[in-house]
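# Results of the structural survey
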Amino acid sequence: MSQPNRVWAADVTYLATAAGWCYLAVVLDLCSRQVVGWALSARLDRQLALTALGRALARRRPPWGLLHHSDRGKEYTSRDYQAQLAQAGIACSMSRRGDCWDNAVVESFFATLKRELVADACWPTLAEATTDLAQYLDGWVQRPPAALDPGLSQPGR
């Protein structure tokens, strides 16, 4: 991707707090790999994904014709989500059924997030998780590939 706001990718992951599981939805710009929208909730539902998308739209105001890629989760196939994409002039692309590799950029981002922040976190509440995630996600800057996987810089790899 050579220009920002041409292709976005979205997905949801789960995170643990002492109060129980919570769910994080993100929208990434594939050019900059920046988090352009995100939302955290104790519920995995379409509102979670809609909030992340709404934040991305408000933050970036993308041009008509942006391509949005996600998996086929019920959050992304819901009428509300599809209507929000259509209203913003965004084309929808979805992964093949059961193929996580189709959304590898977001999956890689989640792996980095979990390694850099979540692995050492012990959040008592959703509110404390939200505070830490806001600082991390709003300041996210794409790292060079060797920084994401230290093994890449080893000889023979």
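Since the structure is predicted, the reported quantities are computational estimates derived from the model, not experimental observations. (Residues numbered from 1 in each chain as written. Predicted model: local features only at pLDDT ≥ 70, side-chain atom pairs only at ≥ 80, totals over all residues. Heavy atoms only, no water.)

### So, the environment of Leu28
- Along the chain, the position of Leu28 falls in strand E2 (residues 20-29).
- Relative accessible area serves as the criterion here: at 1%, Leu28 is assigned to the buried category.
- With 20 residues separating them in the primary sequence, Leu28 and Trp8 have C-alpha atoms 5.4 Å apart. (Helix = DSSP H or I, 4+ residues; strand = E, 2+ residues; numbered from the N terminus. Buried < 20%, exposed > 50% of the residue type's maximum accessible area, 1.4 Å probe, protein only.)

### A word on the packing of aromatic side chains
- Scanning all chains against the criterion turns up three aromatic pairs.
- Taking 5.1 Å as the distance between ring centres and 80 degrees as the angle between the ring planes, the aromatic pair formed by Tyr14 and Trp21 counts as edge-to-face.
- In this structure Tyr14 comes out as partly exposed when scored by relative accessible area, which is 48%.
- With a relative accessible area of 51%, Trp21 lands in the exposed category.
- Each ring, one from Phe109 and one from Phe110, has its centre 6.0 Å from the other, and the planes form 50 degrees; the classification is tilted. For the pair Phe109 and Phe110, a shared accessibility class is recorded, and that class is buried.
- Across the ring face of Trp38, the terminal group of Arg55 is positioned such that the distance to the ring centre comes to 5.7 Å.
- Geometry around Tyr14 places Lys114 over its ring, the cationic atom sitting 4.7 Å from the centre. (Phe/Tyr/Trp six-rings, centres within 6.5 Å; stacked < 30°, edge-to-face > 60°. Lys NZ or Arg CZ within 6 Å of the ring centre and 35° of its normal.)

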